[in-house]
Amino acid sequence: MKIYTERLEANVVQENVAVIELTFDTRQKSRFRATLFDGHEIGADLPRTGILRHGSFIATPQGDVLRVDAKPEKLMKIEANNSFDSLKAAYHLGNRHVPLMLTPTALYFEPDHVLAEMIIGLGLTVEETLHPFEPESGAYAQHQHDHRLSPIKALHHVSH
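### Focus on the overall build of the protein
Then step 1. Helices and strands together make up the secondary structure of the protein, namely four helices and 11 strands.
Then step 2. Looking at the 160 residues of the protein, the share that counts as buried comes to 36%.
Then step 3. Relative to all contacts within the protein whose residues are 6 or more apart in sequence, the contacts with residues 24 or more apart total 70%.
Then step 4. With the model as given, the accessible surface of the protein reaches about 10000 Å², and the carbon-plus-sulfur share is 51%.

Next comes the structure, spelled out in structure tokens:
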């Protein structure tokens, strides 16, 4: 089993790398196991530097690279008739510290019937859907970018 131990910057990665889809829950963890589309199992033991976002890259010490994409998962989708109602729903969910994905046309959160009933009570539409989940990271989230190249990053950087 290959073990991925490094996070890579997108600008140093070659094109045509393997892709793995992971749920938001898994992308929050620094250590996990997963199965590739071809059935091979991989492991990850990554530095604890935040969430793997859609389009992130991870690598093994040997230079194998994977792109991590957000896997469609069961979510609640909120649609409103106007932007004020969407704002009101986002306020009430944020007040409860619910991970929330914002898009121009809808809000998404993990299934919770109590929260869905609250949103319906505000006059909005809530429905279950399958959708990749990429919630907002929050105003205080650390966005660390290490521009120094590790040996693997340097290898990929040179190969361009």
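The discussion continues.
### So, the pattern of salt bridges
Then step 1. For the structure on display, the rule yields nine salt bridges.
Then step 2. Here Arg31 makes a salt bridge to Asp45, at a shortest N to O gap of 3.6 Å. Placement of Arg31 in strand β4 (residues 31-35) and of Asp45 in strand β5 (residues 41-45) is noted, with a sequence separation of 14 residues between them.
Then step 3. When its relative accessible area of 38% is taken as the criterion, Asp45 is described as partly exposed.
Then step 4. Put simply, Arg27, Arg53 and Glu134 are held in one network by salt bridges that share partners.

### Looking at helix α3 (residues 113-121)
For the α-helix, the turn length of 3.6 residues means that residues three or four positions removed from each other point alike.
Then step 1. Of the residues making up α3, those classed as buried are Leu115, Ala116 and Ile119. Buried positions in α3, seen along its axis, are confined to an arc of 100 degrees and lie on one side of it. Within α3, the exposed residues directed more than 90 degrees away from the buried face are His113, Val114, Glu117 and Gly121.
Then step 2. Looking at the buried residues of α3, the elements they touch are β8 (72-79), α2 (83-95), β10 (107-109) and β11 (125-132).
Then step 3. Measuring from the side-chain oxygen of the N-cap residue of α3 to the backbone nitrogen of Val114 gives 3.0 Å; that N-cap residue is Asp112.
Then step 4. One or two positions beyond α3, positive phi appears at Gly123, with a value near 95 degrees.

### Remarks on the sheet that holds strand β2 (residues 6-8)
Then step 1. Judged by pairing direction, the sheet is mixed, and its four strands sit side by side in the order β2-β6-β7-β3 without closing on themselves. Only two strands of the sheet have a single partner each, and these edge strands are β2 and β3 (18-22). Taking each pair of neighbouring strands and ignoring which way they run, the sheet shows an average axis angle of 35 degrees.

Cut-off values and rules
Residues numbered from 1 in each chain as written. Predicted model: local features only at pLDDT ≥ 70, side-chain atom pairs only at ≥ 80, totals over all residues. Heavy atoms only, no water. Helix = DSSP H or I, 4+ residues; strand = E, 2+ residues; numbered from the N terminus. Buried < 20%, exposed > 50% of the residue type's maximum accessible area, 1.4 Å probe, protein only. Contact = heavy atoms within 4.5 Å. Areas by Shrake-Rupley, 256 points an atom, 1.4 Å probe, with all protein chains shown as cover. Salt bridge = Lys/Arg side-chain N within 4 Å of Asp/Glu carboxyl O. Arc of directions from axis to C-beta. Polar contact = N/O pair within 3.5 Å; in protein donor to acceptor, adjacent residues only side chain to side chain. Pairing = 2+ DSSP bridges. Axes fitted to C-alpha atoms, helices over the stretch in contact; angles between N-to-C directions.

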